[in-house]
Amino acid sequence: MSEKTQTVTVRNVTLGDGTPKICAPVTARSLSEMAEQLKKIRLAPCDMVELRADYYEGDPIEQLTALRAALPDTPILFTFRTKEEGGERKTTRGSYAALNRQAAGLPTAEIKRPLADLIDLEYNLGEDFLRGLCPELQKSGVKVVMSYHDFEKTPEPETLTALLCRMQALGADVTKAAVMPRCERDVLALLTAAVKMKEQLADRPYIVMSMGALGGISRLAGSLTGSAVTFASAGAVSAPGQMDAALVAQVRSALAER
């Protein structure tokens, strides 16, 4: 990462220090299913977990509360992925904002402390919306991961870097872009954008990935591209192309030794 890049530390994990962290998704539809997923996550080489709350069939805050109790020392990224961004449920902007406020434990919520360490906010919900919600959540002490998704294509490298820079300008603590490749050149476009962020443009941690089997190499190349987090499976998969966490950890260790 460039000298001007600031790291982000949540609990015992530092993002943006040059070592990509492994994040395992929780995609449970019930508390009992989550308990089964956690058995595998505890055995996997994961640095943090992402709660994909849009999968849960009950109250997402109930699920987040249970996850926090089960993993008191593990950084938790709370994500309610909307249907429009590849998630499981539709929602309104008002409901989306209210849910994320609860996860942050804002004073207006019943819970007075943050349950999550990081909260994912979708860039495509609009910059005006994010200008209000992002700093509000950050005041509670949580870090904001602002995310952009394109499940159809891969934008040009210049477009990707511009998007990541816009998210920096909006105040996100961590920026994220996940795109779908149609050919090998699309994967290279994503990697090119990432390296440019690393060398010239990033002033905070960022996460990039090329989805699907074709983009798998992007999930292993964080030490090269500067991507701060790679999402890897500990039994459950939340996006196309996620690899087994043990394999990702093995590759990460091998690359670190070179």
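Here the structure is shown first, and the text comes after it.
These notes cover the structure that comes with them.

Rules of the game
Residues numbered from 1 in each chain as written. Predicted model: local features only at pLDDT ≥ 70, side-chain atom pairs only at ≥ 80, totals over all residues. Heavy atoms only, no water. Core = buried A, V, L, I, M, F, W, Y, C linked by side-chain atoms within 4.5 Å. Buried < 20%, exposed > 50% of the residue type's maximum accessible area, 1.4 Å probe, protein only. Helix = DSSP H or I, 4+ residues; strand = E, 2+ residues; numbered from the N terminus. Contact = heavy atoms within 4.5 Å. 1 Å grid on protein atoms, 1.4 Å probe; cavity = no way out; pocket = protein on both sides within 12 Å on 5 of 7 lines; lining within 4 Å. Points joined across faces, edges and corners; volume = space filled by probe spheres on them. Nonpolar A, V, L, I, M, F, W, Y, C, P; charged D, E, K, R; others polar. Pairing = 2+ DSSP bridges. Axes fitted to C-alpha atoms, helices over the stretch in contact; angles between N-to-C directions.

We now examine the nonpolar core. By size, the foremost hydrophobic cluster in this structure holds 61 residues, and its most contacted members are Phe-78, Ile-119, Leu-121 and Leu-137. The element contributing the most residues to this core is helix H6 (residues 184–201), with six residues. Beyond its immediate chain neighbours, meaning those up to four positions away, Leu-137 contacts Asn-100, Arg-101, Ala-104, Leu-106, Ile-119, Leu-121, Val-142 and Val-144. Core analysis: the next-biggest nonpolar cluster, separate from the first, contains 18 residues, Leu-77, Ala-178, Met-211 and Phe-231 among them.

Turning to empty space enclosed by the protein, a few remarks are in order. By the definition in use, this model includes two cavities of 30 Å³ or more. Quantified by volume, the largest cavity comes out at close to 60 Å³. In this structure, the largest cavity is lined by Pro-20, Val-208, Met-209, Ser-218, Arg-219, Gly-222, Ser-227, Val-229, Thr-230 and Phe-231. Among the secondary structure elements, those contributing two or more residues to the lining of the largest cavity are strand E9 (206–210) and strand E10 (229–231). It is E10 that provides the largest number of residues to the lining of the largest cavity, a total of three residues. Here the lining of the largest cavity is built from residues that sort into five nonpolar, four polar and one charged. Here the second largest cavity is characterised by a volume of approximately 40 Å³.

Judged by pairing direction, the sheet is parallel, and its eight strands sit side by side in the order E9-E8-E7-E6-E5-E4-E3-E10 without closing on themselves. Only two strands of the sheet have a single neighbouring strand rather than two, namely E9 and E10. Averaged over all adjacent pairs, the angle separating strand axes in this sheet is 25 degrees, with direction ignored. In the packing of helix H3 (residues 93–104) onto the sheet, the strands contacted are strand E5 (76–79) and strand E6 (118–122), and the crossing angle to E6 comes to about 165 degrees. With respect to the sheet, helix H8 (residues 245–256) is in contact with strand E3 (21–26) and E10, its orientation differing from that of E3 by roughly 175 degrees.

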